[in-house]
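So you can see what is in the structure, the chains are spelled out below.
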Amino acid sequence: MSAFDYDLFVIGGGSGGVRAARVAAGEAGAKVGLAEESRYGGTCVIRGCVPKKLMVFASEYAHMPDEARAYGWDIADGSFDWTTFSGHLNTELDRLEEVYRGLLRGSGVDMYDARAVLKDPHTVALSTGETITAKHILVATGGRPVRPDLPGADCGIVSDDIFHLPELPKSVLIVGGGYIACEFACILHGLGVEVTQYYRGAQILRGFDEEARGLIAEAMRERGIDLHTGTNIVEARPAAEAEGDEMTAPVEARQFGRAEHGTEGYDGPVWVKATNGDTKVFDRVLFATGRKPNTDGMGLEDLGVELGRNGQIVVDAYSQTKVPSIYAIGDVTDRVNLTPVAIREGMAFVETVFKGNPTPVDHDLIPSAVFTQPELGTVGLSEEAARDQEEVEIYATSFRPMQTAFAQKPDRVLMKLIVSKATRKVLGCHIVAPGAGEMIQLAGVAIKMGATKEDFDRTVAVHPTMSEEIVTMRQPVRTA
Ligand code: NDP
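Summarised in this report is the structure supplied together with it. (Residues numbered from 1 in each chain as written. Predicted model: local features only at pLDDT ≥ 70, side-chain atom pairs only at ≥ 80, totals over all residues. Heavy atoms only, no water.)

Digging into the pairing of strand 1 (residues 6–11)
In terms of burial, strand 1 is largely enclosed, as five of its six residues are buried. Across five bridges, strand 1 lies against strand 6 (residues 131–139) in parallel orientation. Opposite Ile11, over in strand 6, you have Val139 as the bridge partner. Pairing analysis gives four bridges linking strand 1 to strand 2 (residues 32–35), with the strands arranged parallel. The residue bridging Leu8 from the neighbouring strand is Val32, located in strand 2. Following the chain from strand 1 across helix 1 (residues 15–26) to the adjacent parallel strand 2, one finds a crossover that is right-handed. (Buried < 20%, exposed > 50% of the residue type's maximum accessible area, 1.4 Å probe, protein only. Helix = DSSP H or I, 4+ residues; strand = E, 2+ residues; numbered from the N terminus. Pairing = 2+ DSSP bridges. Right-handed = clockwise from strand over helix to strand, strands pointing away.)

Here we look at the packing of aromatic side chains
Counting across every chain of the model gives ten aromatic pairs. A ring pair is formed by Trp82 and Phe85, whose centres lie 5.9 Å apart and whose planes are at 45 degrees; its orientation type is tilted. Of the two residues, Trp82 and Phe85 both sit in helix 5 (residues 82–106), three residues apart, roughly one turn of that helix. Across the pair, exposure class does not vary: Trp82 and Phe85 are buried alike. The interplanar angle of 70 degrees and the centroid separation of 5.5 Å between the aromatic rings of Tyr179 and Phe208 together place this pair among those described as edge-to-face. Of this pair, Tyr179 sits in helix 7 (residues 179–190) while Phe208 sits in the loop between strand 9 (194–199) and helix 8 (210–223), placing them 29 residues apart in sequence. What makes Phe208 buried here is its relative accessible area of 14%. Joined through ring pairs, the aromatic side chains of Tyr6, Phe9 and Tyr112 make up one cluster. Above the face of the Tyr395 ring, Lys453 is positioned so that its terminal group lies 4.3 Å from the ring centre. (Phe/Tyr/Trp six-rings, centres within 6.5 Å; stacked < 30°, edge-to-face > 60°. Lys NZ or Arg CZ within 6 Å of the ring centre and 35° of its normal.)

So, in structure tokens, the structure goes:
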């Protein structure tokens, strides 16, 4: 008979927390409780990957009538109805949330629809007033989007808000150049919104392979996204307030800020001033300027759990915090912020703590995709990172794919391999193409197995496909 209410108490019902809870209960026979203050499924299912991907699908139909006509179809351009789409989207999210609840129920996990905070290394207090004890506590509270610290930032929306817009704006300014900014620039453009994007750096998608970044930026501009690099905003305000002379007065003089003007929840047109001095009004401003781990007010530091500079929980290779009974997985640890990684971390935690098989999390060679149009699929090192490490050969080809070339579209794709000169191992693979996310999953298996360039060479091409180029590049385009 345990001295605790539970063997494991999980805080957070997102992808990582739900997986750890149900595997610990279902496979390891642990007594498990889980608290979720919002909706089951977390960021990925409710306000991230899933609704985003459905919006990607919705937006991709935009160019189909034009292409279909080139293939001989007598087909008219249509129009997109946001109300119909968002109704279907919400029904689907409700269904998925119920699937997540069902998975927990089926594994025998007790669910608490409440916020939980830590009281001591084995105790959590719930917003319902209950106090619960557990031998192990797993924090899987994820992260949230953050607005930049600038006057009037509350006038803008963040990615969570996109799925609840009552109607699509006619124009939007997207601030940022990361995954979320670029994906939503393409989605909203596809849905018919006039998209302007400001990114403060020289090229979008910092950290990815430079050639891939360049091709995506070019494709986004070609499709009509007004992308400005080296540009940021210095101030935003409700457009009506900005009318008149006062809008040219210095920011300090107007003392404009979140608290003073209370613009939270504002949903009218937004006036913005850019770093180059330009001023413009947009129906909406979307801040896609990064995310922050959800650790505020949880009592973590008081217990001795170490937090990093971004508020993330510091853990070891087994996801254990400085307090031995408390573990953390997923975005709240700010390691690699991707759903499948959080799930892996949850599985490794259960393996380590409940199955007696200490399992560190393997964060090496994680394939991932950015769902821009065209998509970017990537695994391993960029050319820039690889050449800093060792001598490499670069194999790359860029071409117009058959399907869209036939329809006289300028779209180009890129297939690129980074190969170690010394070991011949493929260190990185970068694909910019429709369906690149699907392709990179499979290339990821070979690269994770340590495939060499010669292994790629002896694999027969699948013809005619775009991805066959990945096994038919004979000569390096350069060495570095
Ligand atoms: P990122 O960290 O990828 O991008 C944030 C962007 O905002 C960067 O371009 C950054 O610029 C810019 N930025 C940050 N602060 C400011 C500021 N004060 N003013 C102006 N610009 C600013 O965050 P995201 O929110 O796009 O995504 C968060 C994470 O979510 C990703 O890292 C990824 O792990 C995950 N994700 C994964 C997806 C996928 O797998 N397809 C999709 C969406 C999210 P700079 O580059 O100069 O720092």
